[in-house]
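Overview (structure and organization)
Below, each chain spelled out in residue letters.
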Amino acid sequence: MSKLGQTIVLIGVAMGLSLGIPWPSQAAVVKLSVGVSQANTIWQTSPPAFAKVTRWADIGLSVLIGRVSLGFGTTIVDFQTMKIKYPPSFSLSAGVGIARLFDVLLTAGGSVVITPSDNWIGWSLGVGLTRPLIGGVEASSGVGIETTRGAPGYSPGTNIHVYFGVSWSWRLL
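Treat the numbers as computed from the prediction; the structure is a model and nothing was measured. (Residues numbered from 1 in each chain as written. Predicted model: local features only at pLDDT ≥ 70, side-chain atom pairs only at ≥ 80, totals over all residues. Heavy atoms only, no water.)

Quick look at the confidence of the model for the chain
Rules: Confidence scores here are pLDDT values: one per residue, from the predictor, ranging 0 to 100. Any two residues whose heavy atoms approach within 4.5 Å at even a single point are treated as in contact.
Per-chain confidence: the chain averages 86 in pLDDT, with 84% of residues scoring 70 or above. In this model, residues 14-23 is a region of pLDDT below 50 whose contacts with residues beyond four sequence positions or in other chains number 18 contacts.

Next up, the structure:
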């Protein structure tokens, strides 16, 4: 089975497992978010396929339906070079809320990051915690595993990473 197929199956299993957990229902919500993130690689295959630390700013659009979230985003600044990210990278993500304790949400999900200009694709699965702060600001952290098939000038490989982020969201619908 391909890596994309494995990702889809794992997301489906996580969503299926979470269906038995009571959750307040809600109508669909559409949000526009701007955020900054950092991922630290704690293990990776050799030769290294990923940077040890990656920092970026991005903008995204997400749809929340009950516990399920679907998102699309693009990187706008690469903080390694401190330049506008051109050519851009795009991400597609899906996640499901598994549990909520007070105002902290535990999620599981997957994403794919695509840099069309380099023909580079990375698949990621992970779990994370999200906590609202004030005024539409959220803090998130988690752990994930990412795989890439490589591209011209980039090694294929897999990594395990931790990530941290802060985002500011505006509800559109």
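After that view, the rundown keeps rolling.
A word on the side chain of Ser-33
Operational definition: Each helix corresponds to a stretch of at least 4 residues labelled H or I by DSSP, and each strand to a stretch of at least 2 residues labelled E; elements are numbered beginning at the N terminus. Buried, partly exposed and exposed residues are distinguished by accessible area as a fraction of the type maximum, computed with a 1.4 Å probe on protein chains only: under 20%, between the cut-offs, and over 50%, respectively. Counting of polar contacts relies on pairs of N or O atoms within 3.5 Å, with two restrictions inside protein: one atom must be capable of donating a hydrogen and the other of accepting it, and residues adjacent in sequence are counted only when both atoms are side-chain atoms.
Secondary-structure assignment places Ser-33 in strand β1 (residues 29-44). Given the relative accessible area of 17%, Ser-33 is considered buried. A distance of 2.6 Å separates a polar atom in the side chain of Ser-33 from a polar atom in the side chain of Ser-169. Sequence-distant contacts of Ser-33, defined by excluding residues within four places in its chain, comprise Asp-58, Ile-59, Gly-60, Trp-168 and Ser-169.

Observations regarding the packing of aromatic side chains
Definition in use: Two rings belonging to Phe, Tyr or Trp (six-membered ring only in the last case) form a pair when the distance between their centres is within 6.5 Å. Interplanar angles under 30 degrees mark stacking, angles over 60 mark edge-to-face geometry, and anything in between is tilted.
A complete count under the given rule lists three aromatic pairs for this structure. Ring geometry for Phe-72 and Phe-90: centres 6.1 Å apart, planes at 15°, overall stacked. Of this pair, Phe-72 sits in strand β3 (residues 68-78) while Phe-90 sits in strand β5 (residues 90-101), placing them 18 residues apart in sequence. Residue class for Phe-72 comes out partly exposed when judged on its relative accessible area of 43%.

What about a nonpolar patch on the surface?
Cut-off, in case you're wondering: Within the patch definition used here, like charges are joined within 9 Å and nonpolar side chains (Val, Leu, Ile, Met, Phe, Trp, Tyr) within 5 Å, considering only residues with over 30% relative accessible area and no salt bridge. In this description, accessible areas are obtained by the Shrake-Rupley approach with a 1.4 Å probe, and a residue is regarded as covered only by the protein chains that are shown. Any Lys or Arg side-chain nitrogen located within 4 Å of an Asp or Glu carboxyl oxygen qualifies as a salt bridge.
On the surface, Val-34, Ile-59, Leu-61, Ile-76, Trp-168, Trp-170, Leu-172 and Leu-173 cluster together to form a nonpolar patch covering roughly 720 Å² of accessible area. For the nonpolar patch, the secondary-structure elements that each account for two or more residues are β2 (53-65) and β9 (157-171).

A word on the side chain of Ser-89
With respect to the helices and strands, the residue Ser-89 is situated in the loop between β4 (83-84) and β5. Judged by relative accessible area, which is 8%, Ser-89 ranks as buried. Here the side chain of Ser-89 touches Thr-115 through a polar contact of 2.7 Å, side chain to side chain.

Let's talk about the environment of Gly-110
Tracing the chain through its elements places Gly-110 in strand β6 (residues 104-115). Overall, Gly-110 belongs to the buried group, its relative accessible area being 9%. Between the C-alpha atoms of Gly-110 and Val-127, which are 17 residues apart in sequence, the distance is 8.7 Å.

Focus on the environment of Ala-49
Assignment of secondary structure puts Ala-49 in the loop between β1 and β2. For Ala-49, a relative accessible area of 15% gives the class buried. Residues Ala-49 and Thr-158, spaced 109 residues apart in sequence, show a C-alpha to C-alpha distance of 7.1 Å. Residue contacts for Ala-49: discarding those within four places in its chain leaves Gln-44, Thr-148, Ser-155, Pro-156 and Gly-157.

Let's talk about the pairing of strand β7 (residues 120-132)
Note the cut-off: Two strands pair if DSSP finds at least two bridges between them.
One ladder, built from 11 bridges, connects β6 with β7; its direction is antiparallel. Within β7, the position partnered with Thr-115 by the bridge is Trp-120. In the sheet, β7 pairs with strand β8 (residues 137-148) via 11 bridges, with the strands oriented antiparallel. Note on β8: the bridge partner recorded for Arg-131 is Ala-139. Here β7 folds back onto β8, and the loop between the two strands holds four residues, one of which, Gly-135, carries a positive phi near 55°.

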